[in-house]
Amino acid sequence: MLEKLLTGPKTYYLWLLFLLAVIAGCGLVYLQQLQEGLSITGMSRDVSWGLYISQFTYLVGVAASAVMLVLPAYFHHYKKFKRMIIFGEFMAISAVVMCALFIVVDLGQPQRMMNVLLHPTPNSVMFYDMIVLIGYLTLNAIIGWVTLEAERHDVEPPKWIKPLIYLSILWAFSIHTVTAFLYAGIPGRHYWLTAIMAARFLSSAFCSGPAILLLLIFIVRRLTGFDPGRDAVKTLTTIITYAMCINVFFYLLEVFTAFYSGIPGHQHPLVFLFAGHEGHVSWVTNWMWAAVVMAAASLIILIPPQWRTGPLLPLALVMLVAASWIDKGLGLLIGGFTPNMFETVTEYAPTGREIIVALGVYAVGALVLSLLWKIALGVKRETGHFGD
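Residues numbered from 1 in each chain as written. Predicted model: local features only at pLDDT ≥ 70, side-chain atom pairs only at ≥ 80, totals over all residues. Heavy atoms only, no water.

A look at the packing of helix 6 (residues 125-152) against helix 14 (residues 352-383)
Right, so step 1: Relative to each other, helix 6 and helix 14 sit at 20°, their axes nearing to 9 Å. In terms of axis orientation, helix 6 runs roughly parallel to helix 14. Of the two possible hands of crossing, helix 6 and helix 14 adopt the one that is left-handed. Contacts between helix 6 and helix 14 involve Trp 145, Leu 148, Glu 151 and Arg 152 from the former and Ile 375, Ala 376, Val 379, Lys 380, Glu 382 and Thr 383 from the latter.
Right, so step 2: Partitioned by chemical class, the residues of the contact of helix 6 with helix 14 number five nonpolar, one polar and four charged. (Axes fitted to C-alpha atoms, helices over the stretch in contact; angles between N-to-C directions. Helix = DSSP H or I, 4+ residues; strand = E, 2+ residues; numbered from the N terminus. Parallel < 35°, antiparallel > 145°, perpendicular 65-115°, else oblique. Left-handed = near helix turned anticlockwise from the far one by under 90°. Contact = heavy atoms within 4.5 Å. Nonpolar A, V, L, I, M, F, W, Y, C, P; charged D, E, K, R; others polar.)

What about the pattern of salt bridges?
Right, so step 1: Per the stated rule, a full pass over the model turns up five salt bridges.
Right, so step 2: Residues Arg 45 and Asp 46 are paired through a salt bridge, measuring 3.3 Å at the closest nitrogen-oxygen approach.
Right, so step 3: Exposure remark for Arg 45: the relative accessible area of 77% places this residue in the exposed category.
Right, so step 4: Residues Arg 200 and Asp 327 are paired through a salt bridge, measuring 3.8 Å at the closest nitrogen-oxygen approach. Placement of the pair is Arg 200 in helix 8 (residues 197-224) and Asp 327 in helix 13 (residues 313-337), with a sequence separation of 127 residues.
Right, so step 5: Relative accessible area serves as the criterion here: at 6%, Arg 200 is assigned to the buried category.
Right, so step 6: Given the relative accessible area of 15%, Asp 327 is considered buried. (Salt bridge = Lys/Arg side-chain N within 4 Å of Asp/Glu carboxyl O. Buried < 20%, exposed > 50% of the residue type's maximum accessible area, 1.4 Å probe, protein only.)

Brief notes about helix 8
Right, so step 1: Spanning 28 residues, helix 8 covers 40 Å between terminal C-alpha atoms, matching the ideal 40 Å at 1.5 Å per step.
Right, so step 2: Counting buried positions over the 28 residues of helix 8 gives 21, a clear majority of the element. (Expected span 1.5 Å × (residues − 1).)

Quick word on the side chain of Gln 33
Right, so step 1: With respect to the helices and strands, the residue Gln 33 is situated in helix 1 (residues 10-36).
Right, so step 2: Among the polar contacts made by the side chain of Gln 33, one reaches the side chain of Tyr 52 at a distance of 2.8 Å.
Right, so step 3: Those residues within four positions of Gln 33 in sequence are excluded, and the remaining contacts are Leu 38, Ile 40, Thr 41, Tyr 52, Val 105, Gly 108 and Val 357. (Polar contact = N/O pair within 3.5 Å; in protein donor to acceptor, adjacent residues only side chain to side chain.)

Considerations on the environment of Phe 249
Right, so step 1: Of note, Phe 249 is situated in helix 9 (residues 230-261).
Right, so step 2: The spacing of Phe 249 and Arg 200 is 49 residues in sequence and 9.3 Å in space, taken between C-alpha atoms.

A word on the packing of aromatic side chains
Right, so step 1: By the definition in use, this model includes 20 aromatic pairs.
Right, so step 2: Ring geometry for Tyr 78 versus Phe 81: centroids 5.0 Å apart, planes at 75°, classification edge-to-face.
Right, so step 3: Residue Tyr 78 is classed as partly exposed on the basis of its relative accessible area of 23%.
Right, so step 4: Here the guanidinium or amino end of Lys 82 rests over the ring plane of Tyr 74, the centre of that ring lying 5.2 Å away. (Phe/Tyr/Trp six-rings, centres within 6.5 Å; stacked < 30°, edge-to-face > 60°. Lys NZ or Arg CZ within 6 Å of the ring centre and 35° of its normal.)

A look at helix 14
Right, so step 1: Helix length check: helix 14 (32 residues) gives 46 Å between terminal C-alpha atoms against 46 Å at 1.5 Å per residue, within 8%.
Right, so step 2: Just downstream of helix 14 lies Gly 384, where phi reads positive at about 80°.

Some words on a nonpolar patch on the surface
Right, so step 1: Residues Leu 14, Leu 17 and Leu 20 make up a contiguous nonpolar surface patch of about 310 Å² in total accessible area.
Right, so step 2: Relative to the helices and strands, Leu 20 is located in helix 1. (Patch = residues over 30% accessible without salt bridge, like charges linked within 9 Å, V, L, I, M, F, W, Y side chains within 5 Å. Areas by Shrake-Rupley, 256 points an atom, 1.4 Å probe, with all protein chains shown as cover.)

Observations concerning the environment of Thr 238
Right, so step 1: Among the secondary structure elements, Thr 238 is positioned in helix 9.
Right, so step 2: On the basis of relative accessible area, Thr 238 is assigned to the partly exposed category, the value being 21%.
Right, so step 3: Distance from Thr 238 to Phe 342, taken between C-alpha atoms, is 44 Å for residues 104 residues apart in sequence.

Remarks on the confidence of the model for the protein chain
Right, so step 1: Taken over all residues, the pLDDT of the protein chain has a mean of 89, while the share at 70 or more is 98%.
Right, so step 2: No element of the protein chain has a lower mean pLDDT than helix 5 (residues 113-118), at 77, and none a higher one than helix 11 (residues 284-302), at 95. (pLDDT = per-residue confidence, 0-100.)

Section: the packing of helix 9 against helix 13
Right, so step 1: It is the contact of helix 9 with helix 13, at a shortest axis distance of 12 Å, that shows an interaxial angle of 35°. Like other packed secondary-structure pairs, helix 9 and helix 13 cross with a definite hand, here left-handed. Seen from helix 9, the contacting residues are Val 233, Thr 237, Ile 240, Met 244 and Tyr 251; seen from helix 13, they are Leu 313, Leu 317, Leu 320 and Asp 327.
Right, so step 2: Residues that form the contact of helix 9 with helix 13 fall into these classes: seven nonpolar, one polar and one charged.

Focus on the nonpolar core
Right, so step 1: Counting residues in hydrophobic clusters, the biggest one holds 117 residues, and the most contacted among them are Phe 87, Tyr 183, Trp 192 and Ile 240.
Right, so step 2: Setting aside chain neighbours within four positions, we find Ile 240 in contact with Phe 206, Cys 207, Pro 210, Ala 211, Leu 214, Leu 302, Leu 317 and Leu 320. (Core = buried A, V, L, I, M, F, W, Y, C linked by side-chain atoms within 4.5 Å.)

Considering the side chain of Ser 203
Right, so step 1: Within the secondary structure layout, Ser 203 lies in helix 8.
Right, so step 2: Residue Ser 203 is classed as buried on the basis of its relative accessible area of 6%.
Right, so step 3: A distance of 3.0 Å separates a polar atom in the side chain of Ser 203 from the backbone oxygen of Arg 200.

Section: unusual backbone geometry
Right, so step 1: A cis amide bond links Thr 338 with the next residue in sequence, Pro 339, at an omega value of -10°.
Right, so step 2: Along the polypeptide, Pro 339 turns up in the loop between helix 13 and helix 14.
Right, so step 3: Not every positive phi belongs to a glycine, and His 77 is a case in point at roughly 55°.
Right, so step 4: The residue His 77 is located in the loop between helix 3 (67-75) and helix 4 (85-107) in this model.
Right, so step 5: Accessibility expressed as a relative area gives 58% for His 77, which makes it exposed.

Structure, rendered in structure tokens:
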């Protein structure tokens, strides 16, 4: 199936060249980080996690979201998802690749990753996070390739793949649960110290991940004519709507608990994010309010059935993804570190070079996704499963 990477229109090759150019340019900035260290980032003694870890956290959710296609298709035999399930699995692979790269760039020196392998620490949540991510990447690679090969030959997948598929469903929940434990297990960080952190992570993942997948499918449909099926889009949109409602509900629970309890430690991060702390207003405040507006607007469009199946659907999905990214990709880290345990504010903002390195990682993920989806589209075109 790899030969399908060698054929395509000029726009396909131009897209690959563009991604390679971005990766090369951002790679030069990463070489500066290797020479100068993490001092090129906005992180400090008080803020030891920044943009890299926040993107890692968000992308773990994107990877886990593939289960929203796999679970209905295999547990409930919803065959409408079979046409685009491979795209969800391949998106999960690219997301895990980006997760691993964000960990690499956050370590400062890549060789430090060997410490986790050479000196395993079973009492560390990070150790288990590494295990579940590697396991999930392996499962999706095997399942995706084997099922696509079976589709190419117009036969049923081998029986031995079914246990791996069921295992991948449970594994998808585990990767974001363990990631949530990285945050919820840190005392003194009141914004993270909540029993529903894992539930919040999963609800956020199960709305934003499928929303990203659906937006990409719409782009592919426009460029290639591939049709995932109206019923499949309608069902996935319904799943996204319910997950987003639960995600917003969980966040409101945190707000209620913080302010009704009157515990300062729980209140101050929320106050800082949305209004500032003791006169210190952060740059992230406008972003947080924008997230609130976009989350509300997306639900206004998605909840009425006649609106979420209309022309406003792509707009609602874009706003949902933006709102969830701001919440998890910006607010989560900044709110956790600010104010600190001594009730002082250490401002964090990603530097230009930090953002460029992050863009380079996203470009690698886009390249992996483009190549995998090119293979999948080629197989579907060859077998006549390209669309009705």
